[in-house]
Amino acid sequence: MNFILGIGGGISAYKSLWLIRLLKKQQHQVKVVLTQSALEFVTPVSVHALSEYPAYTDLWNPPQDNHTKADAQEHNMHHISLAKWADFIIIVPATANRISLLAQGECQDLLSNIILASKAPLAIAPAMNVTMWNNPATQDNINTLKKRSIEIWGPDSGLQACGDVGQGRLLEPEEIMQKIQHWIRPIEPSFKHLIITAGATQEPLDPVRYISNHSSGKMGIAIAKIAYQCGIQVTLIHAPIEQNLLQELPSEIKKIAITTAEQMLQQTQTEITKARKQNNPIEVFIGCAAVADYRPTNYNQNKIKKTNDNLLTLQLTENPDIIQSIASNKKDKLPFCAGFALESEELINNAQKKLKNKKLDLIFANPVESMNAEKSTITALWNSQNQVKQQEIPHNDKEQNAIHILELISQRYKELQK
Ligand code: C5P
């Protein structure tokens, strides 16, 4: 997507430089417009280096931009070419002055001209001193912007650069990035309520040991994150997952931490029943967890000691199949059940068997090499008119895969609800 990032002249302007990095990391194009006062805080050189486009600072003197022909053609009207180029416009930080200019529809500088000339959605992240923020003039302006459906992100509360304490701090770039992802919605889903399981369950043997597998939970985290960005209400029931992966998720996602397969099943059932009672049924269940097929039959209260004959025999009991159990206990065709099949041999054959045996609506087959990998190839399989249909999901990073996965689930869900 093409973003125009307008940087206003506030002390927090330095944080916008990090936001450029975050936007670029998500494969977006970013052209930066610096207001006159922003030039006091950040330099065009930093902006150029990070965004890979020259900084735009002046209504009359556009920088040489070799990337876009339109700019060269409309050399003296670059506010128009920039306005047309943008899919989204964000102002970070938005000062009290900028907010006032926006509210009045003023067009005295390049940024305000672009905004008036563009049909792109606009979002602002205000930052200013607490008293300036609370001033009725600013609050009136903010209300005006809200009425025009302009997104307002923050400001946060806390210690301010001026030493005052209160509302007016710029949101952290990571939080702004989350808001952006939510705002630009990668897909328009056909369902609104989702439970997803993720991570590798741990089946304890004794107080220090457990049986588990190598799954990182990254795929489940990516799906939960993208689903939330698409406006879906998400509950994530997860086995132990690295803390920094969980921290990527917004607080609006309900997270339930469990350890074993039995706990995962119980929590999933509880959430589904609760949602039914509240007339807000779980429409889709995605079993993304790497559930241990077996658990130790007996848990040793004390640490198991070495044996004398170099041999230790463990007795294992089969765990319940969570997704199969959910798929066998649907009510009014809900929830739609999508599972995963990780296979080291006969990938498609085995995935087909699981699709049938577990009574799934959709299964995503991935080879064992995808475990813990940043990129993986996935094949989707489902039944349609007594035939198994198959579709390759392009080899991509997990967030891109998550978009394709949710798109397919959304399509299949819609068809099956007809
Ligand atoms: O049988 P297998 O473990 O390969 O099946 C994988 C799919 O089934 C995944 O979607 C996984 O989350 C789900 N599963 C489950 N409960 C189990 C085992 C697997 O829900 N006990």
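Parameters and conventions
- Each chain has its residues counted from 1, following the order in which its sequence is written.
- Selection of residues for local features in this predicted model requires a pLDDT of at least 70, selection of side-chain atom pairs for listing and counting requires 80 or more, and totals for whole chains, interfaces and linings are taken over all residues.
- Each side-chain value is worked out from all heavy atoms of the structure, with water and hydrogens disregarded.
- Only protein chains enter the calculation, and the probe is 1.4 Å; a residue is then buried if its accessible area is under 20% of its type maximum, exposed if over 50%, and partly exposed in between.
- Under the scheme used here, helices are H or I runs from DSSP no shorter than 4 residues and strands are E runs no shorter than 2 residues, and both carry numbers assigned from the N terminus.
- Criterion used throughout: strands pair if DSSP finds at least two bridges between them.
- Note on handedness: a crossover is taken as right-handed if, strands pointing away from the viewer, the path from the first strand over the helix to the second is clockwise.
- Any residue with a non-hydrogen atom lying within 4 Å of a molecule or strand is treated as near it.
- Counted as a polar contact is a pair of N or O atoms within 3.5 Å, where, for protein atoms, one must be capable of donating a hydrogen and the other of accepting one, and residues adjacent in sequence contribute only when both atoms are in side chains.
- To be clear on the numbers: accessible area is Shrake-Rupley with a 1.4 Å probe, and residue cover counts the displayed protein chains and nothing else.
- Asp, Glu, Lys and Arg are counted as charged, while Ala, Val, Leu, Ile, Met, Phe, Trp, Tyr, Cys and Pro are counted as nonpolar; the rest, among them Gly, fall into the polar class.
- Two residues qualify as a contact provided that any one of their heavy atoms is within 4.5 Å of a heavy atom in the partner residue.
- Exposure above 30% relative accessible area and the lack of any salt bridge qualify a residue for a patch; like charges then connect within 9 Å, and the nonpolar side chains Val, Leu, Ile, Met, Phe, Trp and Tyr within 5 Å.
- For salt bridges, the criterion is a side-chain nitrogen of Lys or Arg within 4 Å of an Asp or Glu carboxyl oxygen.
- When the centres of two rings from Phe, Tyr and Trp lie within 6.5 Å, Trp using its six-membered ring, the rings pair. Their planes under 30 degrees apart give stacked, over 60 give edge-to-face, and anything left gives tilted.
- Between N-to-C directions, angles span 0 to 180 degrees; the directions come from axes that are lines fitted to C-alpha atoms, helices contributing only their stretch in contact.

1. Some details on the pairing of strand 16 (residues 336–343)
Here is step 1: Burial runs high along strand 16: seven of the eight residues are buried.
Here is step 2: In the sheet, strand 16 pairs with strand 17 (residues 362–367) via six bridges, with the strands oriented parallel. Bridge pairing in strand 17 links A341 to A365.
Here is step 3: As a crossover connection, the stretch from strand 16 through helix 14 (residues 347–357) into strand 17 is right-handed.

2. Overview of the site of the ligand
Here is step 1: In the vicinity of the ligand lie 13 residues, with G287, A289, P320, F340 and K354 positioned nearest.
Here is step 2: Between G287 and the ligand, the recorded distance is 2.5 Å, taken from a backbone N or O atom to an oxygen atom.
Here is step 3: With respect to the ligand, the backbone of P320 contributes an N or O atom lying 2.8 Å from a nitrogen atom.
Here is step 4: Coverage of the ligand by the protein chains reaches 88% of its 440 Å² of free accessible surface.
Here is step 5: Of the residues contributing to the shell around the ligand, the split by class is seven nonpolar, two polar and four charged.

3. A short note on unusual backbone geometry
Here is step 1: Each neighbour pair has its own omega, and for V92 with P93 the value is -10 degrees, a cis peptide bond.
Here is step 2: A cis amide bond, omega 0 degrees, links L334 with the succeeding residue P335.
Here is step 3: Here P335 lies in the loop between helix 13 (322–328) and strand 16.
Here is step 4: One non-glycine residue, S149, lies in the positive phi region at around 65 degrees.
Here is step 5: One can find S149 in the loop between helix 8 (136–147) and strand 5 (151–152).

4. Some details on helix 5 (residues 96–104)
Here is step 1: Along helix 5, seven of the nine residues are buried, which leaves the element largely enclosed by surrounding structure.
Here is step 2: Residues A96, R98, I99, S100, L101, L102 and A103 constitute the buried set of helix 5.
Here is step 3: Next to the buried residues of helix 5 lie strand 3 (88–94), helix 6 (110–117), strand 4 (122–126), helix 7 (130–134) and helix 8.
Here is step 4: In the stretch just after helix 5, G105 is the one whose phi turns positive, near 65 degrees.

5. Considerations on a nonpolar patch on the surface
Here is step 1: Residues Y294, L312, L314 and L316 make up a contiguous nonpolar surface patch of roughly 370 Å² in combined accessible area.
Here is step 2: For Y294, the location among the structural elements is in strand 14 (residues 294–296).
Here is step 3: Since its relative accessible area comes to 40%, Y294 is described here as partly exposed.

6. Examining the packing of aromatic side chains
Here is step 1: Here the structure, examined in full by the defined rule, presents seven aromatic pairs.
Here is step 2: Ring plane angle 55 degrees and centroid distance 4.9 Å describe the contact between F88 and W183, whose orientation is recorded as tilted. Here W183 lies in helix 9 (residues 173–184) and F88 lies in strand 3, a separation of 95 residues in the sequence.
Here is step 3: Ring geometry for F340 versus F364: centroids 5.3 Å apart, planes at 35 degrees, classification tilted. Linking F340 in strand 16 with F364 in strand 17, this pair joins segments that are 24 residues apart in sequence. Taken as a pair, F340 and F364 share a single burial class, namely buried.
Here is step 4: Through a chain of ring-to-ring contacts, three or more aromatic side chains come together here, namely F3, F88, W153 and W183.

7. Structural notes on the side chain of H28
Here is step 1: Mapping H28 onto the fold places it in the loop between helix 1 (14–25) and strand 2 (29–34).
Here is step 2: For H28, a relative accessible area of 7% puts it in the buried group.
Here is step 3: Of the polar contacts made by the side chain of H28, one reaches the backbone nitrogen of M1; its length is 3.4 Å.

8. So, the sheet that holds strand 1 (residues 2–7)
Here is step 1: The five strands are arranged 2-1-3-4-5 in an open sheet whose pairing can be described as parallel. Each having just a single partner strand, strand 2 and strand 5 make up the two edges of the open sheet.
Here is step 2: Direction of pairing for strand 3 relative to strand 4: parallel, over a ladder of four bridges. Its bridge partner being in strand 4, I91 is matched across the sheet by I124.
Here is step 3: Together, strand 1, strand 2, strand 3 and strand 4 form the strand contacts of helix 6, whose direction differs from that of strand 3 by roughly 145 degrees.

9. Brief notes about the pattern of salt bridges
A side chain of one charge can pair with a side chain of the opposite charge if their charged atoms are brought near each other.
Here is step 1: Using the criterion set out here, one finds 15 salt bridges in the structure.
Here is step 2: In this structure, R98 engages D109 in a salt bridge whose closest nitrogen and oxygen atoms are separated by 2.5 Å. With R98 in helix 5 and D109 in the loop between helix 5 and helix 6, this residue pair connects regions lying 11 residues apart in the sequence. The residues R98 and D109 share a single accessibility class, namely buried.
Here is step 3: For K254, the salt bridge goes to E271, with nearest N and O atoms at 2.9 Å. In this pair, K254 is assigned in strand 12 (residues 254–257) and E271 in helix 12 (residues 261–277), connecting sequence segments 17 residues apart.
Here is step 4: Residue E271 is classed as buried on the basis of its relative accessible area, which comes to 8%.

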